[in-house]
Every structure is written in C-alpha cells, then in structure tokens.
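One-letter residues, chain by chain:
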Amino acid sequence: MVILRVRDNFGVEADLDILNEAELLVDISAIESGDIGEVFGVSSQEFMLPGTDLNNQFFANMYDMGADLSIALNHTIYASVLVDGQEIFAGRMYVNDIIKDDKG
Amino acid sequence: MAITVRQNSTSPGIGNGHLIQSVTSNSGSRPQFRFVTDINDKDGELLQRVKQQANPNGTGIFDLGNIIPNYLGPTDTVWDISAATANTACGKDFQIRFGEEYAYSSTGSTAIYTGESPDAAGDPNVSGSNYIFLLDGVLNSAAMTNFNWSSGSKYDEEDTDGSSTFSYQNGLTRFNTASVRLGDYHTLSFLNGNVAGVTGSAVNNSEAQDIYAMTIRQYNSAGTLLDTDYIYNNAGPRSDQSELWDDVYQAQNENTRLVHFPAGPENLVDSGLTLQTGLAYYTLTFNNQTIEPGINTNGVYGEYRFDITDANCGYDGVRFAWKNEYGVWDYFNFALESSTTSNVEREQFEQNFVDFSATNTVTYDRERRGFEQFQNRVNKQRTANTGYLTQDNADNLRELFYSTNVYVQRSNGEWWPVVIESASVTEKTNPRSQKLFTYTVNWRYANDQRARR
C-alpha cells in the first residue's frame, strides 16, 4: 500500500489519506530515467487528495478561504512516498488547487 | 467592548450543519481591519483560526459548519458495552472566541486584539457562549431553527429534586421500538446533565437533563411483567447512584454530556441480568433522580421497546449498525434472505507442456499445467432484505443508506466495517398501492478477501 508521509514547517507530521494507489505513480519509465533533468517524470507529478478529516486538519482547513496559516500553499513542505513501508521518493510538495462546494 | 457578538451557535448543537456566527466591531474603520474567530477545543487549545474582512455593512459572518466536523468523531465503538458509558468523541465541547486584527496605518504591521474593551493585544477572547457542545451528526438546512438545532426535541432540563412529572422521548434515535434477536447488541445514547453552554461555576444545580437510571422491564407474550432491573448512570458526573446531582454537577465535561446505555439482549446479559424464560419483549425506561436518592418514575426521559424475534423463516438475517443523524449508533435487523455473490477476477497464463528448462532430459509429466491461474481476486457482493416495514421504520432506515459509517454484527458478536453499495433508495412513492414494502441493500465488507496466488 502507498503511504504519503508529510511534515509541515511547524514539525507536524501526518500520513495523509490518498484516493487510491493509481493516483501516485511509483514507477519510472526508461525514457524518463534516461532523460533525467530534461523530462519531468514521476519525480514531479500532480495528484489529488480526498477531503477527509485528517487531510483537512493537516492543511489547516484551507478550503475555507478565511482559515489562517495555509499549509503548503505558498511554500513547499517535506513529503515522502512509501510503498509497503519502504520509502521510494522523498522531496517537497505543495498544493496546486483546492476543490470544494458550499457545504465544504 | 470592541467586538459585539450578534449571533452565535447555541448549545447543544450538531456539527455538520450551518454554524453561523455574526460579529460587529467599533474598530472596523481601522486600517487592514479583519475579524478573527478562533475555534478552540474544550481546554481552550486552538484548533483553527479564521479571519474575515468586514462585509459592506461592517459585519463579520462566519459559518464554522464546514470546519468543525473535521474535529468530531470517530464514533465511539460502544456496541458491546455492559454499563452506562461516557462519551469520547460522538460529541465535543468547542470554545468559539472572537477578536479582531488591525494596524494603525495601511502599510503597518497588523496585530491581533482580544476584542474586549479596552483594546488589548492577545488571542480572541469574546464569546457568545462559554462553550458549545456539538454532536457528530448532520443537520439539514430545512430542519434548523434560526441556524441552530432544535435541541428541545432531545434535550430538556428539569428539576433535579425529582419532584416534577414529565414524559419525553429524548434518546438520540428515531426508533422507538426495535426487533432484536437474543445475542444482538444495541445501545441508546442521551444528552446528559447540563449542555447549554454555561460555564461550570454558573450552572444552575436545580435543573438538568439528569439521566439517572435505566429501568429494564421484561414481559412475556401475554404482557405479564416477568422481572424488573436497573442500570444506573455511573459514567459521570456521578460515579455512584447514591450521589445527588447537587453533589456532582460541577464535575461535568464533554465526556459526561453524552452517555451511552447498553440496550440489546446481549448487552443486558453481559451486564449481569438474567433474561427470563418466556421473554417476549422488554422496555427500557430512562428517569431522573429523586432526593432520597432514588428513581423518579414520574420523570421519563424516554421509553423504548424491544421485541424479541427468532430467525425469520430460518434466515439468520443481517444486523447493521450505523452512525445516525445525531452522531451515535442506530441498529436494524434485515431479517429475511441474505445472499452473497462472489465475483472472481482470474489472472492466468499458458505454460508449454514441454519443459524446455529441464536438466539433461525432459521428464514426461502429465501433472504439468498448461493454463495456470496465478492470481484470483475475490470480490464478494452481499445483499440483505428487510421484512415488511412500517412507514416509520422505512423512513428511519434512510439514515442507513446515507451513513458513511456502517458495521455488521457477526455471529460471534464482533462488529466488522462494511460499505453500503446501493446506488439509490426508492422510497415509498405510491401510498395507495404500497401500504407495506421492503428494502434490499447491497453491501460488502470494507476489508475484502485477500487475492489468492
């Protein structure tokens, strides 16, 4: 199973809920590995997270525009991807956009 | 006072709804002015800070119903309790505090002020209610009274000297009767004590929704009373039934404001009660306290009836528990046929009969496979059927289909998480032809079988 482990700039750590494993690509193609530095492969990817209680709490409920101290919106935070407990990527992540409706 | 609270959520309330707070300030003309609202937990620890510019009318309007549900739950796993049990996370105290932020010039640094008068820098500290106790339930817009839960339907403070007569149905469920089998677990939950948002020292000790005891009366099929037993609410603030409310009312907190009672046949057996031979049904009556102390039988906070049923037509049925609209458990037996369909996804490859990897000579081997299935994934889809339902039960069962938190009781008494997969619910649409009707629900265990390989 894929785990997305993050740590914000205040040192708060969390294993975020992810939609499903396919959202996070954990393989790297021969082309990408052969052109590191030229092709943006899985080392830079965009994925969607579900709006669960855990995720909302970690990101400080920033779907509410008035919520203070947005996490990972205008800065990056530490993140690592683990598969069955083994870390395969480690780097930084940030929030691209937030989807909500008027019921939150 | 710099901040004036114009509107605030009342206690008790329900978290997943519109929790509207409205404030004004006489500092609104200051540069870079913003209203600040802190959502704090029961101890005053900050959970979330929200800021907002004043609207064109100089008012700040916050709807905290989008944020607070993230801090409620998970629902207490109290299915198999054998005594009155205090709340853990089905409801929580929140301290909502208002303040303001401004600077003294349009380019200056802003600071946060308490909102009190005179102005002082610090965390927001103005409130409309000392705390609000919110249940982990859901409140639809049309069911609100002035943006609040009509808590009077489930919360009524009465005299704590046990001298008053009243009759309510304040259990946090819509089911007043239930059919249960011996071996079934069931719980009933009540708001308990003082939940009106008043600070501890200001609580009026002469009024509370004091759920003192539950009386269990067992009857046979002729309606003859077989036995009477009692389970006292010693989950808090009382720790013993000999204590008067006046002795303990200061010891209330978010854990004591909601109490779960054991209600199913198996819960009662686990509590030490003996179910009588010939038991056909039993009633559970919830009363407040007299000053002896004893049970005030004239003060009824709820009475619930449980009919004992056997396996219907030989079917074992399926017992569901789900988080209801009040954020506590409801239960129902789907008593008729249940079935399971296993869909197996098979992954296979074809192997050559000749073993080209042999050493020296190739062994002629009839047991060597051609087709080999190397992974079979089992997906078990289950259905359960109700018997014929009354209109009330049919209406109340809608919450099962809407709930995101559903469990099934196994024959060994364990509860396993499941997901309901029915895509839609067709409610009674033609009252002339459909006097009675049934529900069929498709469900599966949340943890499916592991693939074979």
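All residue numbers here refer to positions counted from 1 along the written sequence of the relevant chain. Chain A is the first chain written and ligand 1 is the first ligand written, with later ones labelled in order. In keeping with the model being predicted, local features are shown solely for residues with a pLDDT of at least 70 and side-chain atom pairs are shown and tallied solely at 80 or more, while totals for entire chains, interfaces and linings include all residues. As a convention, hydrogens and water are excluded, and side-chain values are obtained from all of the structure's heavy atoms.

Visitor: Outline the nonpolar core, supporting the account with residue identities and numerical values.
Guide: Generally speaking, nonpolar side chains in soluble globular proteins are found buried as a group. All names here are of chain B. Counting residues in hydrophobic clusters, the biggest one holds 23 residues, and the most contacted among them are Phe190, Tyr282, Leu284, Phe286 and Phe306. Helix and strand assignments follow DSSP, with helices taken as H or I runs no shorter than four residues and strands as E runs no shorter than two, numbered in order from the N terminus. Those elements that provide at least two residues to this core are β13 (177-180), β14 (187-191), β16 (213-219), β18 (258-262), β19 (281-290) and β20 (294-308). With 22 residues, the next largest nonpolar core counts Val23, Phe33, Phe35 and Tyr113 among its residues. Only buried Ala, Val, Leu, Ile, Met, Phe, Trp, Tyr and Cys residues count toward a nonpolar core, and they belong to the same one when joined by side-chain atoms within 4.5 Å. The rule is simple: take the accessible area with a 1.4 Å probe, protein chains only, and divide by the maximum for that residue type; under 20% is buried, over 50% is exposed, in between is partly exposed.

Visitor: Explain the environment of B:Phe320 residue by residue, including any values.
Guide: Among the secondary structure elements, B:Phe320 is positioned in strand β21 (residues 318-323). Look at B:Phe320 and you get buried, because its relative accessible area is 0%.

Visitor: Explain the packing of aromatic side chains residue by residue, including any values.
Guide: Residues and elements named next belong to chain B. Here the aromatic set is Phe, Tyr and Trp, taking the six-membered ring for Trp, and pairing holds for ring centres within 6.5 Å; pairs whose planes are under 30 degrees apart are stacked, those over 60 apart are edge-to-face, and all others are tilted. Across all of its chains, the model carries 32 aromatic pairs over all chains by this definition. Note on Trp149 and Tyr326: the rings are 6.2 Å apart at their centroids and 50 degrees apart in plane angle, and the pair reads as tilted. With Trp149 in the loop between β10 (132-138) and β11 (158-159) and Tyr326 in the loop between β21 and β22 (329-334), this pair connects stretches of sequence that are 177 residues apart. Under the relative-accessibility criterion, Trp149 is labelled buried at 10%. The buried category is assigned to Tyr326, whose relative accessible area is 7%. The structure contains a cluster of three or more aromatic residues connected by ring pairs, namely Phe175, Phe320, Trp322, Phe332, Phe334, Trp416, Trp443 and Tyr445. A ring is scored as having a charge over it whenever the NZ atom of a lysine or the CZ atom of an arginine sits within 6 Å of its centre and within 35 degrees of its normal. Above the plane of the ring of Trp416 lies Arg410, whose end atom (NZ or CZ) is 3.7 Å from the centre.

Visitor: If you had to explain the domain arrangement of chain B to someone new, which residues and values would you point to?
Guide: Residues and elements named next belong to chain B. Under the domain assignment used here, chain B contains domain 1 (3-143), domain 2 (151-309) and domain 3 (318-445). The straight-line distance from the C-alpha centre of domain 2 to that of domain 3 is 36 Å. With 16 residues of domain 2 in contact, the opposing surface of domain 3 contributes 17 residues. Here's the idea: put two parts together, see how much 1.4 Å probe accessible area each one loses, and the total over both is what we call buried area. Of the roughly 1,500 Å² buried where domain 2 meets domain 3, counting both sides, 48% is carbon and sulfur surface. Criterion for a salt bridge: a side-chain nitrogen of Lys or Arg within 4 Å of a carboxyl oxygen of Asp or Glu. Counting across the domain 2 and domain 3 interface gives two salt bridges. Residue Arg174 is joined to Glu325 by a salt bridge in which the shortest nitrogen-to-oxygen separation is 2.4 Å. All domain edges in this entry derive from an automatic or database-based domain assignment. Should any heavy atoms of two residues lie within 4.5 Å, those residues are considered in contact.

Visitor: Please set out the sheet that holds strand β25 (residues 406-409) of chain B residue by residue, giving values where relevant.
Guide: All names here are of chain B. Strand pairing requires that DSSP identify at least two bridges connecting the strands. Read from one edge to the other, the open sheet built from seven strands follows the order β22-β21-β25-β26-β27-β24-β23, with strand pairing classed as antiparallel. Edge strands, defined here as strands with exactly one partner in the open sheet, are β22 and β23 (338-350). Each strand of the sheet is rotated relative to its neighbour by a mean of 35 degrees, with strand direction disregarded. By the bridge criterion, four bridges tie strand β24 (residues 371-385) to strand β27 (residues 440-445) in an arrangement that is antiparallel. Fitting a line to C-alpha atoms yields each axis, with helices limited to the stretch in contact; the angle taken between N-to-C directions then spans 0 to 180 degrees.

Visitor: Pulling in residues and values, what's your account of the sheet that holds strand β1 (residues 3-7) of chain B?
Guide: Residue and element names in this part refer to chain B. With respect to topology, three strands assemble into an open sheet ordered β1-β3-β6, the strand pairing being antiparallel. One side of each edge strand has no neighbouring strand; the edge strands of this open sheet are β1 and β6 (59-63). Across the sheet, the mean angle from the axis of one strand to that of its neighbour is 25 degrees, orientation sign disregarded. Pairing between β1 and strand β3 (residues 20-25): four bridges, direction antiparallel. Bridging from a neighbouring strand, Gln7 pairs with Ser22 of β3.

Visitor: Can you tell me about the interface of chain A and chain B, naming the residues and giving the values?
Guide: Facing 14 residues of chain A, the contacting portion of chain B comprises 11 residues. Across the chain A to chain B interface the summed buried area is about 1,000 Å²; carbon plus sulfur atoms make up 34%. Taken together, the links from chain A to chain B amount to one salt bridge. The partner of B:Lys51 in a salt bridge is A:Asp68, and the shortest N-O contact between them spans 3.2 Å. Any pair of nitrogen or oxygen atoms within 3.5 Å is treated as a polar contact; in protein, a donor-acceptor pairing is required on top of that, and neighbouring residues in sequence qualify only through side-chain atoms on both sides. Here chain A is connected to chain B by 12 residue pairs in polar contact (both at pLDDT 80 or more). The residue classification treats Ala, Val, Leu, Ile, Met, Phe, Trp, Tyr, Cys and Pro as nonpolar and Asp, Glu, Lys and Arg as charged. All others, Gly included, are polar. Taken together, the residues of the side of chain A that touches chain B break down into three nonpolar, five polar and six charged.

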